[in-house]
Amino acid sequence: MTKDTLSASLGNLEANYPSSTPTPTINTPPSEESSPRPRSRKSSPYRPGVSFSAHKAGGSPAPKDWRGEDHSDDQELDEEDEAMGDKELRPHLYGPTDGRSSAPLLKDEGGRISYDSSNGNARPPLMARKSTFRSRSPDLEGSKATKKKYTYAAFFLGVSLISFVVQTETAVYIQDELKWKKAYCMLYFTHGSWSLLWPTQLLILRLQNWRTPWKAFWRKHVYIIRTTAQMVESQNLHLTTAQTQRSPVPYILRKTAFVTTALTIAGASWYVAVALTSPSDLTAIYNCSAFFAYAFSIPLLKDKIRFDKVFSVAVAIAGVLIVAYGDSKDTKHGGKSGGAVGGAPASPEEEAGRNRSLGNVIIGIGSVLYGLYEVLYKKLACPPEGTSPERGMIFANLFGSLIGCFTLFVLWIPLPLLHLTGWEKFEWPVGEQAWMLFISVIANATFSGCFLVLISLTSPVLSSVAALLTIFLVAIVDWFLKGESLSAAAIVGGLLIIAAFLLLSWSTYREMEEERKKALEDISSLSDDDD
């Protein structure tokens, strides 16, 4: 066979049976002249056939996609997100439209290129990259979220403790020095002042975003409130289409009336019991609400019975008992609904009108209701776990304002009835009474707003134990301002309360970390099963 014949035969064989190994190719990044311009934020690939340029330029009809659906509202919200500078709280309905849909994922990446390997263009295994993101990134982000939540909680705890001390000192001065003792009227003014929480918060947010146009700022704020309320109602972070279309207003109004009723009865029990029992009994029994908050959290919030939590609550209550009964003088302590006790010894008339057993029963009922109120608020009016601290803060103050509005518009009815029956004559505070009452009421509103945020970010148990720290803080303030020395009972009881709070804080933080890691493991195992 000649050489030419052999070459022709091999050529025909190669044409009939091509090689199974493809010729390596290298994908080079397109040149600047041939590469298309990056897609803008308004022309995302997740919205086929939509262009906003003509719509924005003139008075042309609203843009529609290939299905004929109108997206003009989406365009306005996109512009507002851009003006607000906060796209985290509102991801776009159709996908990522942040101006980087066609940008490289890595900063050194100039285009889609082949990966170097032994054969020239083989790509690295996909599982190696997936496992890296799965094992490190979610865990790191979750840990940062937990720390951020506790940072917010620490700030609001500090503000709440300071405001509660101010409320206690001014309330004692109003009742004992200025002789303005109107129990239900003070309760009405105190709870009614909560209506200022949301307007104050709105003013602060507006000052932080003063460059943003008001229309964009307002629509963004309403959107956050509406979606957070829908999360509260559904207890789900990822809302379905049906949930987003349903108005959350009826649910929120019903729960506001329910929670406010429980809070008002609990607050009224404090004022009734003040005139019937001793300040020591009132302080000791009232602050057992921390135990009842934990007891209600187990069936209602599905909390687990943990030894460290039970031990922390027991130590805190023991500290309260030592402060209440270990000192020769009455303990000065304020109520969460305003008012205070322990400023001055009771007069002979007040002692004669006391019924200690009845007063202890009433404040015992109030203690149970306070614990129930805190748990009901967490269950019915707080967004689910995983919500950003900012959303939790905004909605907590909004719900507090709704409680205040319900008090102002509904709970004024007992005022004329009490006045007509003679049980409590209505009298406006005048002069120094009015100014000191104003300070006390504003301090209670500040404490209450911070307390609601604290419950939303942490738990009713931790928040309730944290409120016990005010007993020791009031004693320290009296020591500095009035020269009243701290007794041994106050020091020992205060140190026990502080130790219990620190132990409970660590226990709560560790529990949150355990739940977060368990959730990540479940997600990882499900992903492995899918692979």
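Below is a summary of the structure that appears in this document.

Reading the values: rules and limits
Residues numbered from 1 in each chain as written. Predicted model: local features only at pLDDT ≥ 70, side-chain atom pairs only at ≥ 80, totals over all residues. Heavy atoms only, no water. Helix = DSSP H or I, 4+ residues; strand = E, 2+ residues; numbered from the N terminus. Buried < 20%, exposed > 50% of the residue type's maximum accessible area, 1.4 Å probe, protein only. Contact = heavy atoms within 4.5 Å. Areas by Shrake-Rupley, 256 points an atom, 1.4 Å probe, with all protein chains shown as cover. Salt bridge = Lys/Arg side-chain N within 4 Å of Asp/Glu carboxyl O. Expected span 1.5 Å × (residues − 1). Axes fitted to C-alpha atoms, helices over the stretch in contact; angles between N-to-C directions. Parallel < 35°, antiparallel > 145°, perpendicular 65-115°, else oblique. Nonpolar A, V, L, I, M, F, W, Y, C, P; charged D, E, K, R; others polar. Phe/Tyr/Trp six-rings, centres within 6.5 Å; stacked < 30°, edge-to-face > 60°. Lys NZ or Arg CZ within 6 Å of the ring centre and 35° of its normal. Patch = residues over 30% accessible without salt bridge, like charges linked within 9 Å, V, L, I, M, F, W, Y side chains within 5 Å. Left-handed = near helix turned anticlockwise from the far one by under 90°. Polar contact = N/O pair within 3.5 Å; in protein donor to acceptor, adjacent residues only side chain to side chain.

### Concerning the overall build of the protein
Part 1: Assigned secondary structure in the protein consists of 21 helices and two strands.
Part 2: For the protein, buried positions account for 43% of its 531 residues.
Part 3: Long-range contacts, defined here as pairs at least 24 residues apart, represent 78% of the contacts in the protein between residues at least 6 apart.
Part 4: Element-wise, carbon and sulfur atoms account for 63% of the exposed surface of the protein, whose accessible area totals about 29,000 Å².

### Some points on the environment of Leu-358
Part 1: The residue Leu-358 is located in helix 15 (residues 356–381) in this model.
Part 2: Taking C-alpha positions, Leu-358 is 8.0 Å from Ala-273, a pair spaced 85 residues apart along the chain.

### A look at the pattern of salt bridges
Part 1: Per the stated rule, a full pass over the model turns up seven salt bridges.
Part 2: We note a salt bridge from Glu-233 to Arg-246, for which the minimum N-O separation is 3.8 Å. Pair noted here: Glu-233 is in helix 8 (residues 214–234) and Arg-246 is in the loop between helix 9 (241–245) and helix 10 (249–274), with a separation of 13 residues, a long-range link.
Part 3: Residue Arg-246 is classed as partly exposed on the basis of its relative accessible area of 40%.
Part 4: Residue Asp-308 pairs with Arg-306 through a salt bridge whose shortest N-O separation is 3.5 Å.

### Points about unusual backbone geometry
Part 1: At Gln-235, a residue that is not glycine, the phi angle is positive and equals roughly 50°.
Part 2: Counting through the fold element by element, Gln-235 comes out in the loop between helix 8 and helix 9.
Part 3: Look at Gln-235 and you get partly exposed, because its relative accessible area is 39%.
Part 4: Positive phi values are uncommon outside glycine, yet Lys-302 reaches one of about 60°.
Part 5: In this structure, Lys-302 sits in the loop between helix 12 (289–300) and helix 13 (307–325).
Part 6: Looking at Lys-302, the relative accessible area reads 65%, which means it is exposed.

### Details of helix 18 (residues 432–457)
Part 1: Look at helix 18: 38 Å from first C-alpha to last across 26 residues, which is about the 38 Å you get at 1.5 Å a residue.
Part 2: Here helix 18 lies mainly inside the structure; 19 of its 26 residues are buried.

### Some words on the packing of helix 8 against helix 16 (residues 389–410)
Part 1: At a closest axis distance of 10 Å, the pairing of helix 8 and helix 16 adopts a crossing angle of 85°. Taken together, the axes of helix 8 and helix 16 lie roughly perpendicular to each other. Between helix 8, through His-221, Ile-224, Ile-225, Thr-227, Thr-228, Ala-229, Met-231 and Val-232, and helix 16, the contact on the second element is made entirely by Arg-391, Ile-394, Phe-395 and Leu-398.
Part 2: Class assignment for the residues of the contact of helix 8 with helix 16 results in eight nonpolar, three polar and one charged.

### Observations regarding the packing of aromatic side chains
Part 1: Summed over the entire model, instances satisfying the criterion amount to 16 aromatic pairs.
Part 2: Ring plane angle 25° and centroid distance 5.9 Å describe the contact between Phe-189 and Trp-428, whose orientation is recorded as stacked. Here the residue Phe-189 occupies a position in helix 6 (residues 183–192), and Trp-428 occupies one in the loop between helix 17 (414–421) and helix 18, the gap between them amounting to 239 residues.
Part 3: Overall, Trp-428 belongs to the exposed group, its relative accessible area being 61%.
Part 4: Taken together through their ring pairs, the aromatic side chains of Tyr-188, Phe-189, Phe-426 and Trp-428 make up a single cluster.
Part 5: The cationic tip of Arg-206 hangs over the ring face of Phe-217; the distance from NZ or CZ to the ring centre is 5.2 Å.

### Quick word on a nonpolar patch on the surface
Part 1: A cluster of nonpolar side chains, namely Ile-162, Val-166, Leu-196, Trp-435, Phe-438, Ile-439 and Ile-442, defines an oily patch on the protein surface of about 700 Å² accessible area.
Part 2: Secondary structure elements with two or more residues in the nonpolar patch: helix 5 (137–177) and helix 18.
Part 3: Along the chain, Val-166 turns up in helix 5.
Part 4: Overall, the relative accessible area of 34% leaves Val-166 in the partly exposed class.

### Remarks on the environment of Leu-205
Part 1: Position of Leu-205 relative to the elements: it lies in helix 7 (residues 197–208).
Part 2: When neighbours within four sequence positions are excluded, Leu-205 is seen to be in contact with Phe-217, His-221 and Ile-394.

### Notes on the packing of helix 12 against helix 13
Part 1: Direction vectors running N to C along helix 12 and helix 13 enclose 160°, while the axes themselves pass 9 Å from each other. By the angle between their axes, helix 12 is roughly antiparallel relative to helix 13. Handedness of the crossing formed by helix 12 with helix 13: left-handed. The segment helix 12 lies against helix 13, with Ala-290, Phe-291 and Tyr-294 engaging Lys-309, Val-310, Val-313 and Ile-317.

### Details of the side chain of Thr-227
Part 1: Among the secondary structure elements, Thr-227 is positioned in helix 8.
Part 2: With a relative accessible area of 10%, Thr-227 lands in the buried category.
Part 3: Reaching out from Thr-227, the side chain makes a polar contact with the backbone oxygen of Tyr-223 at a distance of 2.8 Å.
Part 4: At a separation of 2.9 Å, a polar atom in the side chain of Thr-227 contacts the side chain of Arg-391.
Part 5: Residues contacting Thr-227, with those up to four places away along its chain left out, are Leu-239 and Arg-391.

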